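# Tertiary structure, described
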Amino acid sequence: MTHLQRSRALRLLCTLGAVASLVVVLFPVYAVVVASFETTLTLLGNTYYFVPHGATLANYQVVLQAQAGHLLTSLIVGVGTAVLALVVAVPAGYALAKYPLRATVVLVSALLVAQIVPSIVIATSLFKVFHWIHLLNSYPGLILADGTYAIPFAILVLRAFFFSLPNEVMQAARVDGATEWQTFSRIVVPLGRSAVITVMVFAFLNGWGDFIFALTVLNGTTVEPITLAIYTYLGNFSQDWGAVMASVVFAIVPAAVMLVVAQRYIASGLTAGSVVG
Amino acid sequence: MAGVRAAAGVGADAAIARQNDELAPGARTGRGRLAAGRRRQVAGWLFLAPAILYLLFAFALPIAYNVMLSFEQSSPETIASFTAPFAGLANYRFILTDPTTQSAIIHTFEFTAGSLIGQFIIGFALALLFSLRFPGRTIGRSLIIVPWLVPLLVTGVIFKFLFQLEGGAVNQILLDIGLAQHPIDWLETPQLGLLTILIANIWLGVPFFFLLLYSGLQDIPIEVKEAAVMDGAGPWQRLRLVVVPIILPVIEVTVLLGFVFTVKVFDLVVALTDGGPANATQLITTWSYNLSFQQFIFGEGAALNNVLLVLALICAPVYLWLSRDSLRRSTGAGR
Amino acid sequence: MNLLEKRLNRGLAALAAASVAIVGLSQVSASAATSMTLTEIDYFSTVGQLKALSTYVKQFEAANPGVKVVLSHSPFGTYDTKLLTDASAHDLPNIVMSDNPFVPDMIATGEILPLSNFKGFSAKGYFKGIIDEGLFNGKYYALPVAGSNSIALFYNIAMLKAAHVSPPRTWAQMVTDAKKLTTKSHYGIALTAEPAEDTTWQWEPFLWSNGGSLANLSSRPAEQALNLWVSFIKDGSASKACLNWSQSPDAIDQFIHGKAAMEVNGPWNFSNLNAAGWYYGKQFGIVPIPVRVPGQKVVAPLGGEDYMVSNSGTKAQQEMAFKFIQGLQKPSQELYMAKVFGYMPPKPSVAKTFIREAGPEWKVFVNETLNAIPRANVLGVKYAKMSEATWTAIDSAIAGTASVKSALNTAASQIKTILKG
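These figures come from a predicted structure and were not determined experimentally. Every chain is numbered independently, its residues counted from 1 as its sequence is written. As a convention, the first chain written is A and the first ligand written is 1, with the rest following in written order. For a predicted model such as this one, the threshold for reporting local features is a pLDDT of at least 70, and the threshold for listing and counting side-chain atom pairs is 80 or more; totals across whole chains, interfaces and linings nevertheless cover every residue. In computing side-chain properties, one takes all heavy atoms of the structure into account and sets aside hydrogens as well as water.

### Notes on the confidence of the model for chain B
Residues and elements named next belong to chain B. How sure the predictor is of each residue is captured by pLDDT, a score from 0 to 100. Model confidence for chain B is summarised by a mean pLDDT of 84, while 86% of its residues fall at 70 or above. Strands here are runs of E lasting at least two residues and helices are runs of H or I lasting at least four, both read from the DSSP assignment and numbered beginning at the N terminus. Here helix α1 (residues 2–8) stands out as the element of chain B with the lowest mean pLDDT, 32, in contrast to helix α8 (residues 152–162), whose mean of 96 is the highest. For residues 330–335, every residue scores under 50 in pLDDT, and the model assigns this stretch 34 contacts once sequence neighbours within four places are set aside. Contacts are assigned to residue pairs that have any heavy atoms within 4.5 Å of one another.

### With respect to the pairing of strand β3 (residues 95–99) of chain C
Looking along a regular strand, one sees side chains alternate from face to face of the sheet. All names here are of chain C. Each residue's exposure class comes from its accessible area (1.4 Å probe, protein chains only) as a fraction of the maximum for that residue type: buried when under 20%, exposed when over 50%, partly exposed otherwise. Burial analysis of β3 places 5 of its 5 residues in the buried class, the great majority of the element. With burial as the criterion, each face of β3 is covered, one bearing I95, M97 and D99 and the other bearing V96 and S98. Following DSSP output, two strands are said to pair if at least two bridges run between them. Here strand β1 (residues 36–41) runs beside β3; their pairing, made up of 2 bridges, is parallel. Bridge pairing in β3 links I41 to V96.

### Side note on unusual backbone geometry
With an omega of -5°, the peptide bond between B:G276 and B:P277 qualifies as cis. Relative to the helices and strands, B:P277 resides in the loop between α13 (267–272) and α14 (284–294). Residues C:S248 and C:P249 are joined by a peptide bond in cis, for which omega reads 5°. Of note in the backbone geometry, B:A278 takes a positive phi value of approximately 50° without being a glycine.

### Considering the sheet that holds strand β10 (residues 284–287) of chain C
Residue and element names in this part refer to chain C. Here 4 strands make up an open sheet; going across it, the order is β8-β9-β7-β10 and the pairing mixed. On the outer flanks of this sheet lie β8 (187–190) and β10, each paired with one strand and no other. For this sheet the average axis-to-axis angle between neighbouring strands, irrespective of direction, equals 20°. In this structure, strand β7 (residues 152–156) lies alongside strand β9 (residues 260–265), joined through 4 bridges in antiparallel fashion. Paired with L153 across the strands is V264, a residue of β9. Fitted lines through C-alpha atoms give the axes, limited to the stretch in contact for helices. The angle between two N-to-C directions lies from 0 to 180 degrees. Sitting on the sheet, helix α10 (residues 247–256) is in contact with β7, β8, β9 and β10, with an inclination near 150° to β9.

### Observations regarding the interface of chain A and chain B
Listed by partner, the interface residues are 112 residues for chain A and 110 residues for chain B. Each reported salt bridge corresponds to a side-chain nitrogen of Lys or Arg within 4 Å of a carboxyl oxygen of Asp or Glu. For the pair chain A and chain B, the interface holds 1 salt bridge. In this structure, A:E180 and B:R40 form a salt bridge, with 3.8 Å as the shortest nitrogen-oxygen distance. The definition of a polar contact used here is a pair of N or O atoms within 3.5 Å, where within protein one atom must be able to donate a hydrogen and the other to accept one, and adjacent residues in sequence count solely through side-chain atom pairs. At the surface where chain A touches chain B, the tally comes to 13 residue pairs in polar contact (both at pLDDT 80 or more). Side-chain classes are defined by residue name, with Ala, Val, Leu, Ile, Met, Phe, Trp, Tyr, Cys and Pro counting as nonpolar, Asp, Glu, Lys and Arg as charged, and the others, Gly among them, as polar. A breakdown of the residues in the side of chain A that touches chain B according to their chemical character gives 79 nonpolar, 27 polar and 6 charged.

### Quick word on a nonpolar patch on the surface
What makes a patch is a set of residues exposed beyond 30% relative accessible area and free of salt bridges, joined within 9 Å when like-charged and within 5 Å when nonpolar (Val, Leu, Ile, Met, Phe, Trp, Tyr). To measure how exposed things are, a 1.4 Å probe is used in the Shrake-Rupley method; for residues, cover is taken only from the protein chains shown. Where nonpolar side chains cluster on the molecular surface, the patch consists of A:L10, A:L12, A:L13 and A:L16 and spans about 450 Å² of accessible area. Following the sequence through the fold, A:L16 ends up in helix α1 (residues 3–35).

### So, the sheet that holds β1(C)
Residues and elements named next belong to chain C. Pairing is mixed across the open sheet formed by 5 strands, whose spatial order is β2-β1-β3-β11-β6. Because the sheet does not close on itself, it has two edges, and the strands there are β2 (67–70) and β6 (143–144). Bridge analysis of β1 against β2 gives 4 bridges, and the strand direction is parallel. Each bridged residue has a counterpart across the sheet, and for M36 the counterpart in β2 is V67.

### Here's the deal with the side chain of B:N290
Among the secondary structure elements, B:N290 is positioned in helix α14. Take B:N290: its relative accessible area is 11%, and that puts it in the buried class.

### Here we look at the interface of chain C and chain B
Taken residue by residue, the interface counts 19 residues in chain C and 16 residues in chain B. When two parts are brought into contact, each loses some accessible area as probed by a 1.4 Å sphere; the total of that loss over both is the buried area. Summed over both sides, the interface of chain C with chain B buries roughly 1,500 Å², with 60% coming from carbon and sulfur. Among the salt bridges present, the one from C:K259 reaches B:E166, with a minimum N-O distance of 3.6 Å. Counting the contacts that link chain C with chain B gives 4 residue pairs in polar contact (both at pLDDT 80 or more). Listing elements by their share of the side of chain C that touches chain B, those giving two or more residues are α3 (79–88) and α16 (382–399) of chain C. Sorting elements by how many residues they give to the side of chain C that touches chain B places α16(C) first, with 5 residues.

### Let's talk about empty space enclosed by the protein
Definitions used for this entry: grid spacing 1 Å over protein atoms alone; cavity, a set of points where a 1.4 Å probe fits but cannot get out; pocket, an open set with protein on both sides within 12 Å along at least 5 of 7 lines; lining residue, one with an atom within 4 Å of a point. Grid points are joined across faces, edges and corners, and a volume is the space filled by probe spheres set on the points. Enumeration according to the criterion identifies 6 cavities of 30 Å³ or more in this entry. Put simply, the largest cavity is a space of about 1,200 Å³. It is helix α12 (residues 235–264) of chain B that contributes the most residues to the lining of the largest cavity, 6 residues altogether. Residue composition of the lining of the largest cavity, by class: 32 nonpolar, 13 polar and 3 charged. Computed from the structure, the second largest cavity encloses a volume of approximately 70 Å³. In this structure, the second largest cavity is lined by A:V34, A:A35, A:E38, A:T42, A:L43, A:T47, A:Y48, A:Y49, B:F161, B:Q164 and B:G167. Those elements giving two or more residues to the lining of the second largest cavity turn out to be α1 and α2 (40–44) of chain A. A breakdown of the residues in the lining of the second largest cavity according to their chemical character gives 6 nonpolar, 4 polar and 1 charged.

### Points about the packing of aromatic side chains
Centres within 6.5 Å make a pair out of two Phe, Tyr or Trp rings, where for Trp the six-membered ring is used; the pair is then stacked when the planes are under 30 degrees apart, edge-to-face when over 60, and tilted otherwise. Tallied over the entire structure, the rule returns 65 aromatic pairs over all chains. For the ring pair B:F266 and B:Y289, a centre distance of 5.5 Å and an interplane angle of 70° mean the geometry is edge-to-face. Taken together, the positions of B:F266 in the loop between α12 and α13 and B:Y289 in helix α14 put the pair 23 residues apart, joining distant regions of the chain. For B:Y289, a relative accessible area of 12% gives the class buried. Taken together through their ring pairs, the aromatic side chains of C:F154, C:F255, C:F270, C:W278, C:Y280, C:F284, C:F354, C:W362 and C:F365 make up a single cluster. Put simply, a charge is over a ring when the Lys NZ or the Arg CZ is close to the ring centre, within 6 Å, and near the line of the ring normal, within 35 degrees. The lysine or arginine in question, A:K128, covers the ring of B:F298, its NZ or CZ lying 5.1 Å from the ring centre. Above the plane of the ring of C:Y126 lies C:K347, whose end atom (NZ or CZ) is 4.9 Å from the centre.

### Looking at helix α14 (residues 348–357) of chain C
Residue and element names in this part refer to chain C. Restricting attention to buried positions, one finds in α14 the residues V350, A351 and F354. Viewed along the axis of α14, the buried residues span an arc of 100°, placing them on a single side of the element. Exposed side chains of α14 directed beyond 90 degrees from the buried face belong to S349, K352 and R356. Packed against the buried residues of α14 are α13 (331–341). Our arc is simply the arc of the directions from the helix axis toward the C-beta atoms.

### Observations regarding the packing of α13(C) against α14(C)
All names here are of chain C. α14 packs onto α13 with a crossing angle of 40° between their chain directions and a minimal axis gap of 10 Å. Judged on the interaxial angle alone, α14 and α13 are oblique. Like other packed secondary-structure pairs, α13 and α14 cross with a definite hand, here right-handed. In this structure, α13 contributes P331, E334, L335, A338 and K339 to the contact, and α14 contributes V350, T353, F354 and E357. Class assignment for the residues of the contact of α13 with α14 results in 5 nonpolar, 1 polar and 3 charged. Orientation labels follow simple angle bins: below 35 degrees gives roughly parallel, above 145 gives roughly antiparallel, 65 to 115 gives roughly perpendicular, and whatever is left gives oblique. Left-handed describes a crossing whose near helix is turned anticlockwise from the far helix by less than a right angle; the clockwise case is right-handed.

This is the structure:
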């Protein structure tokens, strides 16, 4: 074998390895899509079919009727979480990066630790606290709770980004007579656009995918996001896998959209999570 | 991928940070600037105010209240009231003696250790694979993060479907290739139930490990790799002696964060086994939920929460230490 | 990339705007024509149950212009928990349905109003066991939704014929029949073993008919009864997947879809069976639940649900909620509900008519229901906890976490503590 042939064979081997691992990684998603087109009878049978077997759209009809409202709820919660994260995190990230405050070290440490706190700990207490201040079963309550996933992360990512802004930019604005707020809102935020988008994408996905707070601070009648609805539906009709899988397809649509539209923000956010600061 | 670089660069830029401190406007003195400095202090605090309020409300208050709850004797009758009678250490005594709680704690350790090992090995292997040049690597790389984007509850539902006793895809594959004679009762047997949630969790965690380790590998200077090749080091030696030491900081952070994520896992298990059969797959998180929200004994649930919190916070000092340079960088521009 | 960002920004902004607009719209449309909305919750799932309720709601809304009743159905397995959570949040629906053994727990939350306070309430004319389900400290809190029921053994006529077996009368026959009835495509029997009340309820007739009781689970009769269930699993004549199955709809769906030849269940399934083209005497038959040895008397639990009025909402809403429940207690309505639900009417006078008109599929159920034993009447709030200990023992034994004996001993000691406290 010549050197060229060997490297070509090696490359082929790599491609094969990559394809094999992708098959394993992506099979569950593929299975969901296939199942969403199967009839209940097929899915209840003892045989699993790897390709669609008697395709039907019935599941989607069921789901569009039953789950459309829940999808909208999740959309509101996701957008709400993204907005909350921005309102709280953008100014805070900026202040922690660019203002010489004594509390910075303490606050950044607190944010790092906050990321570690398990949600169930927060959920148990928030249930009682929300009960007390009448925030159970409400969008504001759920969004405030979902913010616990997104906000510490968002502040740290934005802080890391704002470090990279040259101080001269802000100084120039101040020399021109801009107030601190004007400097922030007209100069800093537009410059930080890509970090802001990363944070928004993550916060949206956090709010969209949340289940633990939906389970604890909602009782599923007034406000019921798609994750909770799927869980309830599965409890009610655990044999109706077709409809469950069609709901699942809808529940992962935003993730798929984000993957196509905002891939680079997701990748940078994922890795930024490890340095956070 | 700006952040990617950063992953490998934990602690790389402390020196620059210190330099920049001197350039930071706030550090200057001068009469006219003093008022400006104070104004900036005020502005800084105002920018921080929403975040501080939020942290107090959504983290400090729940944690403090959780500690209080753990010393209360609660029951279905006290759900509606904000406080309940003092219970002393009774709830902690419950944690120490209740068999299901004990097994939930043990399962959490097994689950966490198993997940980290599985995620690390697979994630690292994939990271090494995708560091090589071959056709299709770009698209493959972006597809690998798909599992991470699926909501955790949904992952649980999907795996419940795949691991069904009858008509489940996994059993069908095993039967087809002759690895099993009868369908395997994955979700109906205690040990296999635990294994199934482990497999599902590895699936969803691999992208995170992959992406971080992959970006770490990209930051190894080409000269270093070339030098190792010239020294005649084989692939295994190169990996052990050159690659791993260089990306060790990344590995540390990744494993640490992986630990934090895994200890918290809840949605996945609730959807997949709901702690069953017969509480055999309860983890600390799901059992705490069960105590508080299904048996309505919030005191016992809160006590178990505190055990979980202590367990998770064990890594806090390590985490802070790994992030020490970023912490020190209190003012001025970084990169 | 700039373009992408812009597109993304615009997209998210549009999403936000759209969701705000839709929320606004839905709020406006909700408040347009109705002057009062009543909320309800139940766990009903069969064709008959859903049809009967929605028909009644339509009649009720027509008779009370401006009133809108919103029904909601929640899964059985998590239903009791959900009610307690709602109660703790002071956010129960106006009209609350509860399984009869859980009524004492609901009253204990303090969120349920005594019905005796409302004008027109009467506790007269009911079977004692049924009206007493809502009796607490001398006050009545609950009225039946559609009456009562019990369970018996359904079997698939064609499958039994194919396997040359006759319906079992004893446990030994049940075990051998189930084995013979198991083929590659279906099991001999479908069990219910989800971690919830329906599992205890399904097991109780085996326990009770054999002379056992929940108060003493570390006893021979209890051990024999649980051994029977576990032997179905060990023989491979029942699927272990039953650990996730509710009685309705999961276990009965296994039967309807031809995946199990026998299944213990109740008459509320007639509507679903008929809708799937299954008729008594043609596709399915019913026999009383088998007993361990011939001569033992079948003792089955009394089933059925009650409606209660919660203290949520205004006084006017509470009164309207009571009116809704009261409307179900008219003899003609009771007869209609019982027929469509597949229940026995709650009053002896109405039950008489019902029995006269009932089809042959009711033969076994009439007898079993009239003699059925209420689960919680003496035990009150303790029943729910005892039941949980019991179903946990059943699940541990089926899953193989513990042996039958040690699972029952664990439950017995838990129940001892519950009864003491």
